[in-house]
Each structure stands twice: as structure tokens, then as C-alpha cells.
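In case you want the letters, here they are:
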Amino acid sequence: MTHNKTLKQIAIVGGGLSGVSTAYFLARAGYEVSVLERRANVAEEATFGNSGLLAPCAVQPLVLPGIIKSAFSNLLHNEPPILVKSGFSPRSLRWARKSQRAVEDSFASNKQNLTRLSAYGQMLTHHLQEHYALEQENSVGLLHLFRQQADAARCASIQDELQQFELPRKQIDPKEIVRIEPAFQSPTPLVDAMYYPRDSAGNCVLFVKQLRAIAQSIGVQFHFSETVTALRPELGGRVAIELGEQSLTVDGVVLAAGIQNQALLKPLGVTLPLCAVQSYNAMAPIKNLDEAPNTVLFDETYKVAIARVGNRIRVSGLLGFVPATEQPHPKAIASLLKVANDFYPNAANFNTANFWASTVALQPNGMPLVGATTHGNIYLNTAHGAHGWAAAVGSAKLLADAISGREPEIDSTGLLTTQAGA
């Protein structure tokens, strides 16, 4: 990516994890940064539904082998691992077919790239938490559980390729899980399990709110209740940002507004291969401390994470190809309750948990979309998914380095696009 030495003032559209992290790293690189957020505070949309995983070993591109077959075969199930309406729209069907091809063609290489990015982002996040003495609600160590042999085999097939990252992992007999997590007393049948001692989880929303305060202290300006309606490239390489009846002109723009990025770029002839997908969450206060988990759990079949967050338990993940709603579909609630009660039935009263749904943007290959668009001073940092905390922070630093012309600290192959949306 070519560095524009005249780029000084940068506006970021979106005040979630991606936007606030990008703002921080750009400000540290010497730019004048403004964040434009349509809500009244940071982290109130997709980030609010983030699972809180900081898990380079467990994280994988959110593409599902046989997604079309799996979706329709589960239509009549009350606790489906994928939630769909009675039929995909033509656009969603095309996206799903591209997702299937991505699995067949490049899942292993994308997993390697995402692991590298997430390990970097996890390191950056821990550094920020320690350097600024941030309040944390972290759980350390992750159990990756497999209900189906096909999922376990697919995971095992890429384990050898991930040894290069020197991330400790251990295959364990499901019967031995209790030695790692004494609270785990589940009779749920499992075919395999992996343990990742350095993977972790925390409170992503708390992190973003604290990072916002740090960014403000180094000059980042936050403008809330501001809805960007259009972008207009101008002569001289600047960009006008329409905000209702007002406009703001800057040297560059970073779009970190999830699925809303599509509508902003479409008038400029830029098409993004994104699909809006629902992710679901439940939060319940701990009822029995002795039966509450201290280790993070990730259910491969449901793509659901269970993590202790202070005195609460968070159950999050699952994918829904259904219209956006604030409250989860009853089947999504049933699936979250199934996973929670399968593994920690006495830890909390999950039936009275607080449930909510969030909209996340996904590419067919499940990878983040980070880098320049065909308009050289309009950039993207989006599509990290519900489990993408570490990847979003890593992407923010990579993008800030690319914009400022600095050499990245890690190999950026497969992580940065130079001309998105041609």
C-alpha cells in the first residue's frame, strides 16, 4: 500500500472495536483522528455482541462446510447450530455458495493467516491492558470441544500446519477435561477435545470503552449521534463526509461500520462481498460458584463460547441467516440454552438470562476485510465476526502501519487487501 504523505486528517466511521482500535493506533502514528458514531457511545452495535474470545488457537474463519445442506437439514430442529429462515434469498444463496467454495479451496491457509493475525492482536491487547493498567475480566485457558467426528478430523488436519506459531495446544480425552476444569461435570457425549492454555476471553465492551478514554487523551475526537449518509471524493484527494445537513472534509476515511459500509461505498462503484449475519448472546449471573467455569469453553458444532465474565457467565456465538432483530429468534435462544445447560447446567439460571442479538458482517471466506479500496484514501477495517476481538485489534495496527508507510510487525500476507471492491 502506498503511503500518502499528505494524509493528515483521518475520519473513522464506526465507534466499535475496529473503529476505536484503528483510531488509537493512527493517533499514536501522528494523525489527527476523528471517530463518527451514530450511537450515543462506543461499542453499542456489533461489538456489544462480541464473544470476548482472545483465542488464536480456537479462532477460525466463520465459514461452514456444507453450509447450505446444514442450514436446510436443520430447518425443523428446535435447537439448530445454524439458524435460517425458510429459504435463503438469492443474494444469501450466492454468498453461501461462495462460502462453500472458500472452505474447499482455502480454509487451511485462511486459518493459518487468521491464527497469525489473532496471535498478534492478542499480544497487542494484553500489552494495552498491562501498559495502561486497564480493568480486566479475563479468563485464561480454552477447551475446544467436538461433538462430531468430522469437526474433530477437520481440526486435526490443520494442527501440524499451525505448529509454526509455537502456540501450545494439547489433545485430551474428554473424560480428562475435569482435571483442567473441575466445574465441568457434563455427561454430554464428546468425540474429542483440545486444550489451549494461552487462549483467553474477556470483556470486549469494557476494553473498548477504556481504549476510547485513552484515545481521547492522545487527541482523538469522538462525535456521537452522527450518522454518515454519503462519502464524496473531491479534487485534490480529499473526501467529503455527508452528515445529514452538514459535511466534513478530511484527507482520508477508514470505514469500520460493519454491514453499513456496503451502502456507503455502493454509490462510489465499490461492491463489498459481505453478508449480514446475526450472532446471539446470553448473560446470566453466577448461581453456584463451585460449578461456574474458570476456563473458556468453545463448542465447535454450535460455534458458541462460554466464558466467565466477573460474576456472570456469557454464552455467545451461533449464526443466524435471518432478518435482524434486537431479541433473538426463539430457536436461537433454545440453542444457546442447550449449549449452556449441556456443559454447566447448575452454574447459573440460564433460562432467566439476558438475551440479545447483534448483526455482524462476514465475507464468504470468513476473513476480515482490511486495507485500501479502489479510492486510495478510503480504507476498510471490517468483517471480523463475533469472535474477532484479537483479529480486529491486529487488523487495526496493520492498517495504521500501512497508511503511515511503516513496515508491519508481522507478515501481512493474506491479511491486507490493496484494492477492495473493484
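Look up a bit, the structure's there.
Remember, it's a predicted structure, so these values are computed and weren't measured experimentally.

Student: Is there a simple way to think about the packing of helix α1 (residues 17-28) against helix α9 (residues 389-404) in this case?
Tutor: Across the interface, α1 lies against α9 with an axial gap of 8 Å and an inter-helix angle of 40 degrees. Taken as a pair, α1 and α9 cross one another with a handedness that is right-handed. Across from Leu17, Ser18, Ser21, Thr22, Phe25 and Leu26 in α1, the residues of α9 making contact are Trp389, Ala392, Val393, Ala396, Lys397, Leu399, Ala400 and Ile403. In the contact of α1 with α9, the residues fall into ten nonpolar, three polar and one charged.

Student: Can you help me understand the nonpolar core in this one?
Tutor: Counting residues in each nonpolar core, the largest one holds 50 residues, and the members touching the most others are Leu26, Phe207 and Ile403. Residue assignment for this core shows that the elements contributing at least two residues are β1 (9-13), α1, β2 (32-37), α3 (90-131), α6 (204-217), β18 (369-373) and α9. At ten residues, the largest contribution of residues to this core is made by α9. Grouped together as the second largest cluster of nonpolar side chains are 36 residues, Leu145, Ile172, Ile306 and Leu336 included.

Student: Looking at this structure, how should I read the pattern of salt bridges?
Tutor: Should the charged atoms of two oppositely charged side chains come close, the side chains can pair. Counted under the stated rule, the structure contains 15 salt bridges. Of the charged contacts in the structure, one is a salt bridge between Asp342 and Lys338, with a shortest N-O distance of 3.1 Å. Of this pair, Asp342 and Lys338 are both found in helix α8 (residues 330-343), four residues apart, which corresponds to roughly one turn of the helix.

Student: Mind showing me how you'd approach unusual backbone geometry here?
Tutor: What you tend to see is this: most non-glycine residues have negative phi, and most peptide bonds are trans. For Ser225, which is not a glycine, the phi torsion comes out positive at approximately 55 degrees. You will see that Ala383, though not glycine, has its phi angle at about 65 degrees, which is positive. Tracing the sequence through the fold places Ala383 in the loop between β19 (378-382) and α9.

Student: Mind showing me how you'd approach α1 here?
Tutor: Helical geometry note: an α-helix holds 3.6 residues per turn, so side chains three or four residues apart project in the same direction. With twelve residues, α1 ought to run about 16 Å at 1.5 Å a step, and its terminal C-alpha atoms sit 17 Å apart, in line with that. Of all twelve residues making up α1, eleven are buried, and the element is well covered by its neighbours. Buried within α1 are the following residues: Leu17, Ser18, Gly19, Val20, Ser21, Thr22, Ala23, Tyr24, Phe25, Leu26 and Ala27. Backbone geometry just after α1 places Gly30 at a positive phi near 105 degrees.

Student: Would you take a moment to explain the packing of α1 against α6 for this structure?
Tutor: Packed helices, taken two at a time, are described by their axes: the angle between them and the distance between them. As a packed pair, α1 and α6 sit with axes 9 Å apart at the nearest point and diverge in direction by 30 degrees. Put simply, α1 runs roughly parallel to α6. Considering how the two elements wind past one another, α1 and α6 form a crossing that is left-handed. Here Leu17, Val20, Ser21 and Tyr24 of α1 come into contact with α6, specifically with Cys204, Phe207, Val208, Leu211, Arg212, Ile214 and Ala215. Tallied by class, residues from the contact of α1 with α6 come to nine nonpolar, one polar and one charged.

Student: Explain the packing of aromatic side chains to me, please; I cannot follow it from the model alone.
Tutor: Counted by the stated rule, this structure contains seven aromatic pairs. Aromatic side chains Phe184 and Phe343 sit 5.8 Å apart centroid to centroid with 25 degrees between the ring planes, which places their arrangement in the stacked category. With Phe184 in the loop between α5 (177-180) and β7 (192-201) and Phe343 in helix α8, the pair connects residues that are 159 residues apart, well separated along the chain. Taken together through their ring pairs, the aromatic side chains of Tyr24, Phe25 and Tyr132 make up a single cluster. The ring centre of Phe222 lies 5.7 Å from the NZ or CZ of Arg212, which sits over that ring.

Student: I'm lost on α6 in this one. Help?
Tutor: Its 14 residues give α6 an end-to-end C-alpha distance of 20 Å, which sits within 8% of 20 Å, the value for a rise of 1.5 Å per residue. Of all the positions in α6, only Cys204, Val205, Leu206, Phe207, Val208, Gln210, Leu211, Ile214 and Ala215 are classed as buried. At the N-terminal boundary of α6, the capping side chain belongs to Asn203, with an oxygen 3.3 Å from the backbone nitrogen of Val205. Gly219 sits one or two residues past α6 and shows a positive phi near 110 degrees.

Student: Even after reading the chapter, I still don't get the side chain of Thr373, so can you show me in this structure?
Tutor: One can find Thr373 in strand β18. In terms of polar contacts, Thr373 uses its side chain to reach the backbone carbonyl oxygen of Ile378, at 2.8 Å.

Student: Is there a simple way to explain the environment of Ala392 in this structure?
Tutor: Here Ala392 shows up in helix α9. Look at Ala392 and you get buried, because its relative accessible area is 1%. C-alpha separation for the pair Ala392 and Ser18, spaced 374 residues apart in sequence, amounts to 5.4 Å.

Student: Would you explain the pairing of strand β9 (residues 230-233) in this entry?
Tutor: It is a general feature of regular strands that their side chains alternate between the two faces of the sheet. For β9 and strand β10 (residues 239-243), the ladder comprises four bridges, and the chain directions are antiparallel. Among the inter-strand pairings, Arg232 is bridged to a residue of β10, identified as Ala240. Connecting β9 to the next strand, β10, in antiparallel fashion are five residues, including Gly236 with a positive phi near 90 degrees.

Student: What is the right way to read the environment of Lys397 from this model?
Tutor: Position of Lys397 among the secondary structure elements: in helix α9. In this structure, the C-alpha to C-alpha distance between Lys397 and Ser21, residues 376 residues apart in sequence, is 7.8 Å. Apart from residues lying up to four places away in sequence, Lys397 is in contact with Phe25, Tyr120, Leu124 and Glu409.

Student: What exactly am I supposed to notice about the environment of Asn381 here?
Tutor: Examined against the element boundaries, Asn381 turns out to sit in strand β19. Taking the C-alpha atoms as reference points, Asn381 and Gly371, ten residues apart in sequence, are found 6.7 Å from one another. Residues in contact with Asn381, not counting those within four places in the same chain, are Ser18, Thr22, Val254, Leu255, Ala256, Leu369, Val370, Ala392, Ser395, Ala396 and Leu399. Within polar-contact distance, the side chain of Asn381 engages the side chain of Thr22 at 2.9 Å. Here the side chain of Asn381 touches His384 through a polar contact of 3.1 Å, side chain to side chain.

Analysis parameters
Residues numbered from 1 in each chain as written. Predicted model: local features only at pLDDT ≥ 70, side-chain atom pairs only at ≥ 80, totals over all residues. Heavy atoms only, no water. Axes fitted to C-alpha atoms, helices over the stretch in contact; angles between N-to-C directions. Helix = DSSP H or I, 4+ residues; strand = E, 2+ residues; numbered from the N terminus. Left-handed = near helix turned anticlockwise from the far one by under 90°. Contact = heavy atoms within 4.5 Å. Nonpolar A, V, L, I, M, F, W, Y, C, P; charged D, E, K, R; others polar. Core = buried A, V, L, I, M, F, W, Y, C linked by side-chain atoms within 4.5 Å. Buried < 20%, exposed > 50% of the residue type's maximum accessible area, 1.4 Å probe, protein only. Salt bridge = Lys/Arg side-chain N within 4 Å of Asp/Glu carboxyl O. Expected span 1.5 Å × (residues − 1). Parallel < 35°, antiparallel > 145°, perpendicular 65-115°, else oblique. Phe/Tyr/Trp six-rings, centres within 6.5 Å; stacked < 30°, edge-to-face > 60°. Lys NZ or Arg CZ within 6 Å of the ring centre and 35° of its normal. Polar contact = N/O pair within 3.5 Å; in protein donor to acceptor, adjacent residues only side chain to side chain. Pairing = 2+ DSSP bridges.

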